[in-house]
Amino acid sequence: MSDPHAVTREINRSQMQVSDEVAIQITSMNKWYGAFHVLRDINMTVNRGERIVICGPSGSGKSTLIRCINRLEEHQSGQIIVDGTELTNDLKNIDKVRSEVGMVFQHFNLFPHLTILENCTLAPIWVRKTPRKEAEEVAMHFLEKVKIPEQALKYPGQLSGGQQQRVAIARSLCMKPRIMLFDEPTSALDPEMIKEVLDTMIELAEEGMTMLCVTHEMGFAQAVANRVIFMDQGQIVEQNEPKAFFNNPQSDRTKLFLSQILGH
Amino acid sequence: MSNNNASFVRTEMLGSQEPPTSERGAIKWVRENLFSSALNSILTLLGVAAIYLIISGSLPWFLHGVWNASSMGECRQIVADNYGEGASGACWAMIHERWHQYMFGFYPRELYWRPVTAFALMIVSLAPVLYYNNRRTDTVMTGVVSVLLMLALWGVNTPGSVFAAVFLLFAVIVAVARVAPKYLVWVTILFPAVGFLLLWGGSVWSPVGAMAGFVLIGITYSLTKDRLGVPVGTGVGVIIASIWWLFIQSHVTGPLASAMNLGFEKVDSDQFGGFLLAFVIGVTAISASLPVGILLALGRRSDMPLIKALSVGFIEFIRGVPLITMLFTASLLLQYFLPPQTKFDLILRVIILVTVFSAAYIAEVIRGGLAALPKGQYEAADALGLDYWQAQRLIIMPQALKISIPGIVSSFIGLFKDTTLVALVGLADPLQGITKIVRADINWKGIYWEPYIFVGLIFFVVCFSMSRYSMYLENKLKRDHR
Ligand SMILES: Nc1ncnc2c1ncn2[C@@H]1O[C@H](COP(=O)(O)OP(=O)(O)OP(=O)(O)O)[C@@H](O)[C@H]1O
Ligand SMILES: [Mg+2]
């Protein structure tokens, strides 16, 4: 395979266990932007400990789908239940879900006026009401985990793209989320920085985090995911285990997409 | 070596050399900036000529200035005696004699220490807002303010007992700045009441009562915000406070005042004038219009149609009406709408309308800053679980305000200069009001440039400082090292 970021290292699967407990349940969910039907009849169950990669052509609704899971976008029909809490207009539920679900964006979205450490402690202090000192200890712990504790007092503008994205991951982790959403976390990065971010994500997977990841890094999908979902035109077209998905795709759309993205 | 030889290897590296004289220092600068083309040269020469004409015309006038005289005639006599018949000279003696009116209007002379002390307290109370504070800067700043204040108090002939009391107060402030600078914030919190008391005098209990209303808002807010949310909690607080202000306060402060009659001699609003008036209106309106402007800007971007419509309507209406119209409204119309016996101070009315006027402009400036923020900032704040007001306060506003600093400070500078318009509703502003009074004096009849130059200079110093401060702030907050 011609993937430049093929994962070469041994992955420790001892803690990567999928439990029977349901983390996210989406049933016949539909979403429109005005008259445009972006998401059509989405049905999907994510169990705790699953690592799901979502792929598909541009404009197929991947971002919209995962943004619905923490209500950055509102769905118009169907049901989304996250950790037993249904997403409705009730602000209490939305706040509850958001504090359980971490999200990492394509463009990092760090807060440029705050230091790295402040970026990481802001939400724990204001949302979880953690004492500042404790929040800072937790933040340093996660910054060490993403291997940039020495940058803690700098501002985001002073860091490279890869470092910023790792800070963004650490910032989410500081809220001790039970589910992590990634929306193309590496697609704004230079090739040499992609690997450092992917490594961080792999470590997270090794610790048993439930992850939903929109990405075109097929090496990552093959090495880490337990399920790959292919979307097109707002629908889930095919989903399967990575091995079967890549070696034996069923639908023509999937075959076409894979042949384009893998460059065969 | 032939010309078409494609391979070349340098055997010796070249050292760096001085540029030719025409590319160096002053000569280069003059050539590039003053005489780079024929048109540029002509403009340079014309500019030099114009500057020469202005200076040669006005410099003698400045240099011949007279500082000690009691009337315009005496001034002219002194100039003629010293520099010959027909020489012209400035008569700064007018300022020497009338400076107190330019500064304080008709404020009673023996009470000048009150506005002077209020001004010093204002500077101390602004410090926690305007600068990053630490022990050293705070100590130095309060120390310098105290020394200057003592000199000023001595200059306005303050009675000894008052002098001692103010000295004691500022000694405490300096000590606090030295030991625990964070408590200086109490000067800021108490300043509105203390400043009011010093300037207008009257019983201590009315500003205390007014502050109690704000304490009520704070208490209600912190008790209810978890259940009712920020806007409703604040709203309930404001309602309770209004009930206190309108119906209860006077029944409490009245008896208190008769039981314990603390206070200062009363000074009426029509005794205010000069820069005292300009500063009272300017500073109050500036500090009040920023929060109002922020709320209006947020309202204009709100998802709630009613709030949005109200904000848009308010902003557009205010921006569509000249300030002068609003000032006339303040002095005439407002009186008709209010219950007949309410005595609503003219300065207070003017302050309210100037605040509202500048808040509308500031709201638009801040809206520009909000629009410049990427959507990702809102999304990141949402995704982390921050609620609307937390996101605004911690993420959005710090960045939007930073972007808007130049525009906001421009509005403030405009506002401060606009305080001279209050002359039109009969208040004695420094530029027109006081100058007219001075000119009406038979001794100073015929004086023309001096008052405008004097007042203009002070306005320039104040406005230029604001503009420099805005640049300092922009630099300090520069965080995107790209
Ligand atoms: N706020 C919006 N208003 C209207 N249409 C939108 C909006 N956001 C996205 N869309 C449209 O919805 C569709 C799905 O968008 P989405 O961002 O989910 O695609 P995507 O699969 O993430 O694509 P990409 O790989 O390019 O990120 C696109 O056609 C897009 O144009
Ligand atoms: Mg996308």
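Just above sits the structure.
Remember, predicted model here, so these are calculated numbers, not experimental data.

Student: Account for the environment of Thr254(A), naming residues and giving values.
Tutor: Residues and elements named next belong to chain A. By secondary structure assignment, the location of Thr 254 is in helix H9 (residues 252-262). Expressed as a C-alpha distance, the spacing of Thr 254 and Met 231, which sit 23 residues apart in the sequence, is 8.7 Å. Other than its neighbours up to four places away in sequence, Thr 254 contacts Phe 230, Val 237, Glu 238, Phe 245 and Pro 249. Among the polar contacts made by the side chain of Thr 254, one reaches the side chain of Ser 251 at a distance of 2.9 Å.

Student: Which residues make up the state of the cysteines, and what values do they have?
Tutor: In total, this model carries one disulfide over all chains according to the counting rule given. For Cys75(B), the disulfide goes to Cys91(B), at an S-S distance of 1.8 Å. Between Cys75(B) and Cys91(B) the sulfur-sulfur dihedral comes to about 75 degrees; the bridge is accordingly right-handed. Separated by 16 residues along the polypeptide, Cys75(B) in helix H3 (residues 72-83) and Cys91(B) in the loop between H3 and helix H4 (93-104) bring together distant segments of the chain. We classify Cys75(B) as buried; its relative accessible area is 3%. Assessed through its relative accessible area of 0%, Cys91(B) is described here as buried. The closest cysteine sulfur to the non-disulfide-bonded Cys55(A) is located on Cys213(A), 11 Å from its own sulfur. Considering cysteine sulfurs only, Cys174(A) is the nearest to Cys120(A), which forms no disulfide, with 4.5 Å between them.

Student: Could you give an account of the sheet that holds strand E7 (residues 179-183) of chain A, with specific residues and numbers?
Tutor: Strands in a sheet are paired, the pairing made by backbone hydrogen bonds, and the direction either parallel or antiparallel. Residues and elements named next belong to chain A. Spatial ordering of the open sheet is given by E6-E7-E8-E3-E9-E10, a layout of six strands whose pairing is mixed. Both outer strands of the open sheet, strand E6 (101-104) and strand E10 (235-240), are each paired with one neighbouring strand and no more. Each strand of the sheet is rotated relative to its neighbour by a mean of 20 degrees, with strand direction disregarded. The sheet contact formed by E7 and strand E8 (residues 210-214) spans five bridges and is parallel. When the sheet's bridge partners are listed, Ile 179 is paired in E8 with Thr 210. In the packing of helix H2 (residues 91-100) onto the sheet, the strands contacted are E6 and E7, and the crossing angle to E6 comes to about 65 degrees. Helix-sheet contacts for helix H5 (residues 161-173) involve E6 and E7, and the interaxial angle to E6 is about 170 degrees.

Thresholds, definitions, all that
Residues numbered from 1 in each chain as written. Chains lettered and ligands numbered in written order. Predicted model: local features only at pLDDT ≥ 70, side-chain atom pairs only at ≥ 80, totals over all residues. Heavy atoms only, no water. Helix = DSSP H or I, 4+ residues; strand = E, 2+ residues; numbered from the N terminus. Contact = heavy atoms within 4.5 Å. Polar contact = N/O pair within 3.5 Å; in protein donor to acceptor, adjacent residues only side chain to side chain. Disulfide = S-S within 2.5 Å. Buried < 20%, exposed > 50% of the residue type's maximum accessible area, 1.4 Å probe, protein only. Pairing = 2+ DSSP bridges. Axes fitted to C-alpha atoms, helices over the stretch in contact; angles between N-to-C directions.

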